[in-house]
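For reference, the chains in residue letters:
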Amino acid sequence: MSYGDKWMAVLFSDEKKWNLDGPDGNIKYWHDLRKEPRSFFSRQSGGRSVMVWAAFSFNDQVVLAFLDGQQNSPNYIETLENHLMAFAENIGGRNWEYQHDNTPTHTYSAMKNYLNSKNVTVLEWPPMSPDLNPIENVWSIMSRKVYENGRQFYSVNALKTSIESAWYSLEPEIMQTFIMSMEKQV
């Protein structure tokens, strides 16, 4: 297996928080320095949000997992049991590696023990390197679709529907391109 082919056998994953009132980030604008800056308040709908876990490989993508409550090691294990393991059965064989970042939830011994018990090989991943994960590019594409034209949501269900629509409408070639770029990025 060549070094480039290695990336084709990785299942990339991540979690993302989606806000009802638009993407996270500071509102920036140009203003006359001789005048007082204007204040913007973007928190609508009580600042509610939805947390999502997703993963994809070169040839497929998981069913999205909408996460409830604070994510801790037991909750993450449950997410992997219900979503990753079912997906893993479909990608065939044991010749794949699982990638997740080094957040504490992912590195607790209970999590490591769980993945070992399922014979899941975890890709060694450098700390503090979210830009390397190709799913970050996928999140960006999805965010543009979900929040296009400044769209905001007034119900969690409407936001979830929009996230699902963006996820399931992703063209496989887009994800394959991101994965194939890993060799040059690393």
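Refer to the structure presented above.
Residues numbered from 1 in each chain as written. Predicted model: local features only at pLDDT ≥ 70, side-chain atom pairs only at ≥ 80, totals over all residues. Heavy atoms only, no water.

**A closer look at the pairing of strand β2 (residues 49–56)**
The buried fraction of β2 amounts to six of the eight residues, a majority that puts the element mostly inside the structure. Sheet analysis places strand β1 (residues 10–19) next to β2, joined by eight bridges and oriented antiparallel. Across the sheet, residue Lys16 finds its bridge partner in β2, namely Val52. (Buried < 20%, exposed > 50% of the residue type's maximum accessible area, 1.4 Å probe, protein only. Helix = DSSP H or I, 4+ residues; strand = E, 2+ residues; numbered from the N terminus. Pairing = 2+ DSSP bridges.)

**Description of the packing of aromatic side chains**
Per the stated rule, a full pass over the model turns up five aromatic pairs. Aromatic pair Trp18 and Tyr147: ring centres 6.0 Å apart, planes at 35°, arrangement tilted. Taken as a pair, Trp18 in strand β1 and Tyr147 in the loop between α5 (135–146) and α6 (156–168) lie far apart in primary sequence, 129 residues in all. Here the two residues Trp18 and Tyr147 agree in accessibility, since each one is buried. An angle of 65° between the planes, with centres 6.2 Å apart, marks the rings of Tyr147 and Phe153 as edge-to-face. Phe153 gets classed as buried once you look at its relative accessible area, which sits at 3%. Taken together, the ring pairs in this structure connect Trp18, Trp139, Tyr147 and Phe153 into an aromatic cluster. (Phe/Tyr/Trp six-rings, centres within 6.5 Å; stacked < 30°, edge-to-face > 60°.)

**Observations concerning the packing of α5 against helix α7 (residues 172–180)**
Their axes nearest at 9 Å, the elements α5 and α7 cross at an angle of 145°. The two elements α5 and α7 cross, and the hand of that crossing is right-handed. Contact with α5, carried on its side by Asn137, Val138 and Ile141, involves Ile174, Met175 and Phe178 of α7 and no other residues of that element. Of the residues belonging to the contact of α5 with α7, the class tally is five nonpolar, one polar and no charged. (Axes fitted to C-alpha atoms, helices over the stretch in contact; angles between N-to-C directions. Left-handed = near helix turned anticlockwise from the far one by under 90°. Contact = heavy atoms within 4.5 Å. Nonpolar A, V, L, I, M, F, W, Y, C, P; charged D, E, K, R; others polar.)

**Comments concerning helix α4 (residues 109–117)**
Here α4 has its buried residues at Met111, Tyr114 and Leu115. Across the axial projection of α4, the buried residues extend over an arc of 95°, all falling on one side. Exposed and facing more than 90 degrees away from the buried side of α4 are Ser109, Asn113, Asn116 and Ser117. Positioned one or two residues after α4, Asn119 has a phi angle of 55°, which is positive. (Arc of directions from axis to C-beta.)

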